[in-house]
Amino acid sequence: MRNWILPAVAAVAGGVGVWGYDRFAAPGGAEQVRIERIVHNYVLTHPEIVSDAMHRLQDRDTAAAIAANRAAITAPVGDAWAGNAKGDVTVVEYYDYNCGYCRASLPIIDQLVASDPNVRVVFRDLPILAPSSGVAAQMSIAAARAGRFKPFHDALYAAGPVTDATIAASARKAGLDPATLNRDAQSPAVVDTVRANLATQRALGLTGTPSFVIGNRLLTGAQPLADLQAAIADARKRGA
């Protein structure tokens, strides 16, 4: 019974009348009343299916939002990517330079790239934690446009708290002139990139960093390597 009860509950939760599925019975008939009673009683004794249904609806809506924003999500800025440029699965990480969990994810991302020769990782700034996050994001994007993303990215995470001094030191460590990088970071193209990332955040309902988009799935929070690999395997299976 559960195989048809769950879609019925999901349809109700999604605002679609169950009885749009006229394979059960014509609306208003005695058979409808009987099945409504069965559904009602089943839900009362198995309330977990309501949560299951809502999760399915959420996953469906997330997949639709990802599909609608695919290019804005997966197209890297400059060299802000790692792995195989023609990989069959793209992992997109949304991060903030003030996020400790993002810093902790650095070695996991490196392990992922090293363990899977057919994956591409795209890095996207999501400055939501502090005003300094926005400054760092613009500098990071400018560094990516200059072809020095990874050295700057790793240096800034290793530098400790995000300040003007650590940003400048990270630029120098990446082989960039801080003054030139700062000027480039103010360009309309860089500012528009930050705005686009924040717009995508709203579209996907991202609630924090790090967040990962893999295929049609959204994973929020720091992820163990095994969970990222499982999501990649699922994306490959689905051709997403």
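Before reading on, note that the structure itself is shown above.
Residues numbered from 1 in each chain as written. Predicted model: local features only at pLDDT ≥ 70, side-chain atom pairs only at ≥ 80, totals over all residues. Heavy atoms only, no water.

S.K.: An account of the nonpolar core is needed here, citing residue identities and associated values.
M.R.: Counting residues in each nonpolar core, the largest one holds 42 residues, and the members touching the most others are Val91, Tyr97, Phe152, Leu181 and Ile214. The dominant element in this core, judged by the number of residues it contributes, is helix H6 (residues 131-145), at 7 residues. Look past the residues within four positions of Leu181 in its chain and what remains in contact with it is Met139, Ala142, Ala143, Phe152, Ala171 and Leu176. Core analysis: the second largest hydrophobic core is formed by 10 residues, Ile66, Val122, Leu126 and Val213 among them. (Core = buried A, V, L, I, M, F, W, Y, C linked by side-chain atoms within 4.5 Å. Buried < 20%, exposed > 50% of the residue type's maximum accessible area, 1.4 Å probe, protein only. Helix = DSSP H or I, 4+ residues; strand = E, 2+ residues; numbered from the N terminus. Contact = heavy atoms within 4.5 Å.)

S.K.: Describe the packing of helix H5 (residues 100-115) against helix H7 (residues 149-158), naming the residues involved and giving the relevant values.
M.R.: Describing two packed helices takes the angle between their axes plus the distance from one axis to the other. Where H5 meets H7, the axes come as close as 10 Å, and the angle between the chain directions of the two elements is 135 degrees. If you check the angle between H5 and H7, you find them oblique. Two packed elements cross with a definite hand, and for H5 against H7 that hand is left-handed. On H7, the residues touching Cys102, Arg103, Leu106 and Asp110 of H5 are Lys150, His153, Asp154 and Tyr157. Counted by class, the contact of H5 with H7 contains 3 nonpolar, 1 polar and 4 charged residues. (Axes fitted to C-alpha atoms, helices over the stretch in contact; angles between N-to-C directions. Parallel < 35°, antiparallel > 145°, perpendicular 65-115°, else oblique. Left-handed = near helix turned anticlockwise from the far one by under 90°. Nonpolar A, V, L, I, M, F, W, Y, C, P; charged D, E, K, R; others polar.)

S.K.: Just give me the short version of helix H2 (residues 30-45), but keep the residues and values in it.
M.R.: Taking 1.5 Å of rise per residue, 16 residues should cover 22 Å, and H2 covers 23 Å from first to last C-alpha, within 8% of that figure. Buried within H2 are the following residues: Gln32, Ile35, Val39, Tyr42 and Val43. Taken down its axis, H2 places every buried residue within 95 degrees of arc, on the same side. Residues of H2 that are exposed and angled more than 90 degrees away from the buried face: Ala30, Leu44 and Thr45. (Expected span 1.5 Å × (residues − 1). Arc of directions from axis to C-beta.)

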